[in-house]
Amino acid sequence: MNDKSPSRYAVFGNPIEHSQSPVIHQQFAQQLQQTISYQKQLIELGKFDASARAFFNDGGAGLNITVPFKLEAYQLADQLSERATRAGAVNTLIVDGDIIVGDNTDGCGLVADLQNNLQWSIEGANILILGAGGAVRGIIEPLLMAKPASMVIANRTVEKAEQLAEIFQPLANDFSVRLSVKHYADLNKPFDIIINGTSASLGGDIPPLSSECFNAACCYDMMYAKTPTPFLQVAAKQGARVIADGLGMLVEQAAESFRLWRNVKPDTSKVIQFVRDSL
Ligand code: ATR
């Protein structure tokens, strides 16, 4: 590559067609008057490691990683940030001299969206998290660090929620958060904030929650779409105070990746609106 080539970034995933990341990062670059190249790349299953190494050997400066490769990115990284270690997954790879560092910006993206964009107060709140898969594991640490009064993790397969609770119990103790695990069927009181981290929406489904849970709750779906997700539609009908989807989280996690790569943090509000308008 000659010296005048812009730094190259990309997002690797499968599927990748609908990824908004190239649009988001180009918006950031434009806003900060930087010239970068950012492509989306469909990676065949089983080819992640070789593709990522080829990208970096060819002078690539950083990668975003999306479904289903976050665990493979975690394994590829020479060094991991603390938050990536706790999340057990990597969504951002950064070149640092001769090594590749893995980080995870998903959780801080969610917390930034909740606190800064939506102005939902996490401190002192009673939070319900739905789901216990990879996506949820990535958000628990930053949520605990924002000091809610309590956090309940509920999942269809309750053992998976129990495993997560075991991993994060020491951190919950550090921040004096009451952390517990529940079956969906045992949830029958209101929460301040409910976060849907399941992939149930993909099949047009939602976790079976009683209507009491939604009463005046702020409800968030980590998925986003042009129209409210099935979970948010039900939440609104059942009396949620306010609903929001995960588009803000998407842009916030991207902003934190951009900061890690470029050492400057973009302003996100106009970019969130830009992406919303283009859905
Ligand atoms: P991700 O990386 O998106 O978190 P995952 O690790 O496969 O994907 O986790 C998917 C999550 O969505 C799990 O919590 C899963 O519940 P189970 O652990 O019981 O499988 C949850 N999920 C998926 N479909 C669901 C449905 N129809 N109803 C309720 N929960 C569902």
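Residues numbered from 1 in each chain as written. Predicted model: local features only at pLDDT ≥ 70, side-chain atom pairs only at ≥ 80, totals over all residues. Heavy atoms only, no water.

**Describing the overall build of the protein**
The helix and strand inventory of the protein stands at eleven helices and twelve strands. Taken over C-alpha atoms, the radius of gyration comes to 19 Å for the protein, in line with the 19 Å a tight globule of 279 residues would show. By its C-alpha atoms, the protein is 60 × 40 × 30 Å across when sized along the principal axes. A total of 279 residues make up the protein; the buried ones form 49% of that total. Taken as a whole, the protein presents about 13,200 Å² of accessible surface, with 48% of it coming from carbon and sulfur. Each charge class in the protein can be summarised by its mean position, and for the 23 positive and 29 negative side chains these summaries are 4 Å apart. (Helix = DSSP H or I, 4+ residues; strand = E, 2+ residues; numbered from the N terminus. Rg over C-alpha atoms; globule rule 2.2 N^0.38 Å. Buried < 20%, exposed > 50% of the residue type's maximum accessible area, 1.4 Å probe, protein only. Areas by Shrake-Rupley, 256 points an atom, 1.4 Å probe, with all protein chains shown as cover. Lys, Arg positive; Asp, Glu negative; His and termini not counted. Charge placed at Lys NZ, Arg CZ, Asp CG, Glu CD.)

**Concerning the sheet that holds strand 3 (residues 62–65)**
Pairing between sheet strands relies on hydrogen bonds along the backbone, with the strands arranged either parallel or antiparallel. Taken in spatial order, the six strands make up an open sheet running 2-1-3-5-6-4, and their pairing is mixed. This sheet does not close on itself; its edge strands, each paired only once, are strand 2 (36–42) and strand 4 (79–80). In the sheet, strand 1 (residues 7–13) pairs with strand 3 via four bridges, with the strands oriented parallel. Residue pairing for strand 3: A10 is matched across the bridge by L63. Sheet contacts for helix 2 (residues 48–57): strand 1, strand 3, strand 5 (92–96) and strand 6 (99–103); angle to strand 1, the most-contacted strand, approximately 175°. The strands touched by helix 10 (residues 247–262) within the sheet are strand 1, strand 2, strand 3, strand 5 and strand 6, with strand 5 carrying the most contacts at an inclination of about 5°. (Pairing = 2+ DSSP bridges. Contact = heavy atoms within 4.5 Å. Axes fitted to C-alpha atoms, helices over the stretch in contact; angles between N-to-C directions.)

**Some details on helix 1 (residues 21–31)**
Those residues of helix 1 not exposed but buried are S21, P22, I24, H25, Q27, F28 and A29. On its buried side, helix 1 packs onto strand 1, strand 2, strand 3, helix 10 and helix 11 (269–278). Q33 sits one or two positions beyond helix 1 and adopts a positive phi of about 50°.

**A short note on the sheet that holds strand 11 (residues 218–221)**
Taken in spatial order, the six strands of this open sheet run 9-8-7-10-11-12, and their pairing is parallel. Because the sheet does not close on itself, it has two edges, and the strands there are strand 9 (178–182) and strand 12 (242–245). Averaged over neighbouring strand pairs, the angle between their axes works out to 15° when direction is ignored. Sheet topology note: the strand 7 (residues 126–130)/strand 10 (residues 193–196) ladder contains four bridges and is parallel.

**Thoughts on the pairing of strand 12**
Strand direction decides the pairing type here: strand 11 and strand 12, joined by four bridges, are parallel. Bridge pairing links C219 to I243 in strand 12.

**With respect to the site of the ligand**
Taken together, 13 residues are adjacent to the ligand, and A135, N155, R156, T157 and K160 come closest. Between the ligand and A132, the relevant distance is 3.0 Å, taken from an oxygen atom to a main-chain nitrogen or oxygen of the residue. Contacts to the ligand include R156, whose side-chain N or O atom sits 2.8 Å from an oxygen atom. Contact with the protein chains hides 72% of the accessible area of the ligand, taken as 640 Å² for the molecule alone. Across the shell around the ligand, the residue classes break down as three nonpolar, seven polar and three charged. (Near = heavy atom within 4 Å. Polar contact = N/O pair within 3.5 Å; in protein donor to acceptor, adjacent residues only side chain to side chain. Nonpolar A, V, L, I, M, F, W, Y, C, P; charged D, E, K, R; others polar.)

**Quick look at unusual backbone geometry**
One can expect most non-glycine residues to show negative phi and most peptide bonds to be in trans. Going from N14 to P15, the amide bond is cis rather than trans, its omega being 5°. Note on placement: P15 falls in the loop between strand 1 and helix 1. Its identity is not glycine, yet Q119 carries a phi of approximately 60°, on the positive side. With respect to the helices, strands and loops of the structure, Q119 is situated in the loop between helix 5 (106–117) and strand 7. Here Q119 falls in the exposed class, since its relative accessible area comes to 60%. The phi dihedral of K147 is positive, around 60°, even though this residue is not glycine. Relative to the helices and strands, K147 is located in the loop between helix 6 (134–145) and strand 8 (150–154). Since its relative accessible area comes to 42%, K147 is described here as partly exposed.

**Concerning the packing of helix 1 against helix 11**
Two numbers describe a pair of packed helices, the interaxial angle and the distance between the axes. Between helix 1 and helix 11, the least distance of the axes is 10 Å, while the angle of their chain directions is 140°. By the angle between their directions, the pair helix 1 and helix 11 is classed as oblique. Between helix 1 and helix 11 lies a crossing of right-handed hand. In this structure, helix 1 uses V23, I24, Q27, F28 and Q31 to contact helix 11, whose residues at the interface are V271, F274 and V275. Considered class by class, the residues forming the contact of helix 1 with helix 11 number six nonpolar, two polar and no charged. (Parallel < 35°, antiparallel > 145°, perpendicular 65-115°, else oblique. Left-handed = near helix turned anticlockwise from the far one by under 90°.)

The values are spatial; any link to function lies outside them.
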